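Fold and contact review
Take a look at the letters that make up each chain.
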Amino acid sequence: MKLLKDMILQKGKVIDDNILKVNSFINHQVDSKLMKEIGLEFANHFKNEEITKVFTIESSGIAPAVMTSYELDVPMIILKKETSSTLNNDIYQAKIKSFTKNKIYNLTLSKDYISSNDRILIIDDFLANGEAAKGAIKIIEDAGATVAGIGIVIEKSFQSGRAYLDNLGYNVYSLARIKSLKENNIEFVD
Ligand code: G4P
């Protein structure tokens, strides 16, 4: 997606060989016009997949996910990183380990918001090692529902997540695929 790639080149900051900072338009300040275009792009790409719900993981996936769900005219559901006292015991959970943040989360979803008939599109801001996606997939499949697609805003193709999801046959669509961040230089796959 040209608009996104241009913004990454103009405003992204390479922190080291593995981390790209995009706080000025995705992770801290949010560019809502960019999010609208991202929602349109994902909705257009997955329009024939009979998506019934869009899932994301809190917190930075929420903006692109809500715009996608708006365009597809289906609900958006946030997978929580911790169990909250307002959730009763009717929940699905998956443990995920964030390598970037060196933390373990208990990804949580109330059973109220998923059924076995659902065809779910997972949207997230970054794909690194795919831990968050793996957790979301486990929850969806534990509920007997179908992962109909995975939409990623920024994929770091040099990390293991994309290959892992491709090998399992999931339909992954990334709007910007980063080949390398070496030597303070952002290089895209295509
Ligand atoms: P994975 O799910 O693909 O395995 O990724 P990982 O555990 O390594 O990522 C953990 C968190 O760090 C995620 O955010 C992810 O979006 C973010 N992240 C990974 N690589 C980068 C990067 O190069 N740049 C930035 N800016 N973020 C990255 P999170 O903990 O879910 O945080 P948030 O959604 O609340 O912002």
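Just above sits the structure.
Heads up: these notes are all about the structure in this document.

Cut-off values and rules
Counting starts from 1 at the beginning of each chain's written sequence and moves along it residue by residue. Only residues with pLDDT of at least 70 get local features here, since the model is predicted, and only at 80 or more are side-chain atom pairs given and counted; chain-wide, interface and lining totals rely on the full set of residues. Hydrogens are left out, water is left out, and the side-chain values use all remaining heavy atoms of the structure. Exposure categories follow from relative accessible area, calculated using a 1.4 Å probe and restricted to protein chains: below 20% of the type maximum is buried, above 50% is exposed, and the middle band is partly exposed. Here a strand is any run of E in DSSP of at least two residues, a helix any run of H or I of at least four, and the numbering for each starts at the N terminus. When DSSP finds at least two bridges between two strands, those strands are taken to pair. For the handedness criterion, the strands are oriented away from the viewer, and a crossover whose path from the first strand over the helix to the second runs clockwise is classed as right-handed. Here a polar contact means two N or O atoms within 3.5 Å. Within protein one must be a hydrogen donor candidate and the other an acceptor candidate, and residues neighboring in sequence count only if both atoms are side-chain atoms. For this analysis, residues touch if any pair of their heavy atoms sits within 4.5 Å. Two rings from Phe, Tyr or Trp (for Trp, the six-membered ring) form a pair when their centres sit within 6.5 Å of each other. Planes less than 30 degrees apart are called stacked, planes more than 60 degrees apart edge-to-face, and all others tilted. The criterion for a residue being near a molecule or strand is simple. One of its heavy atoms has to lie within 4 Å of it. For the accessible areas, the method is Shrake-Rupley and the probe is 1.4 Å, while residue cover comes only from the protein chains on display. Classes in brief: Ala, Val, Leu, Ile, Met, Phe, Trp, Tyr, Cys and Pro nonpolar; Asp, Glu, Lys and Arg charged; the others, Gly included, polar. Salt bridge, as used here, is a side-chain nitrogen of Lys or Arg placed within 4 Å of a carboxyl oxygen of Asp or Glu.

Now for the pairing of strand S4 (residues 76–79). Burial along S4 is one-sided: Ile77 and Leu79 are buried, while Met76 and Ile78, pointing the other way, are not. Pairing between strand S3 (residues 53–57) and S4: four bridges, direction parallel. Within the sheet, the bridge partner assigned to Thr56 lies in S4 and is Ile78. Following the chain from S3 across helix H4 (residues 62–72) to the adjacent parallel S4, one finds a crossover that is right-handed.

What follows concerns the side chain of Asn129. Relative to the helices and strands, Asn129 resides in the loop between strand S7 (119–127) and helix H5 (131–142). A polar contact of 3.3 Å, which involves the side chain of Asn129, links it to the side chain of Ser160. When neighbours within four sequence positions are excluded, Asn129 is seen to be in contact with Phe99, Lys134, Gln159, Ser160 and Gly161.

Now for the packing of aromatic side chains. Within the structure shown, the criterion is met by two aromatic pairs. Look at Phe42 and Tyr173: their rings are 6.2 Å apart centre to centre, the planes differ by 85 degrees, and that puts the pair in the edge-to-face class. Residue Phe42 is located in helix H3 (residues 32–45), and its partner Tyr173 is located in strand S9 (residues 172–180); the two are separated by 131 residues in the primary sequence. Of the two residues examined, Phe42 and Tyr173, each falls in the buried class. On the numbers, 6.4 Å between centres and 75 degrees between planes, the contact of Phe46 with Tyr173 is edge-to-face. Highlighted residues: Phe46 in the loop between H3 and S3 and Tyr173 in strand S9, separated in sequence by 127 residues.

Here we come to the site of the ligand. Leu20, Ser60, Lys81, Thr100 and Lys156 are the nearest of the 23 residues found near the ligand. A distance of 2.6 Å separates a nitrogen atom of the ligand from a polar backbone atom of Leu20. Considering the ligand on its own, with 720 Å² of exposed area, one finds that the protein chains cover 88% of that surface. Taken together, the elements giving at least two residues each to the shell around the ligand come down to strand S5 (91–98), S7 and H5. Here the element with the most residues in the shell around the ligand is S7; it accounts for three residues. Of the residues contributing to the shell around the ligand, the split by class is eight nonpolar, eight polar and seven charged.

Inspection of the entire model under this criterion finds 10 salt bridges. Glu131 is paired through a salt bridge with Lys134; the nearest N and O atoms lie 3.0 Å apart. With Glu131 and Lys134 both in helix H5 and three residues apart, this pair spans about one turn of that helix. In this structure, Arg177 and Glu155 form a salt bridge, with 2.9 Å as the shortest nitrogen-oxygen distance. Within this pair, whereas Arg177 is found in strand S9, its partner Glu155 is found in strand S8 (residues 146–156), the two being separated by 22 residues in sequence. Its relative accessible area of 0% is what places Glu155 among the buried residues. Members of the salt-bridge network, linked through shared partners, are Glu155, Arg162, Asp166 and Arg177.

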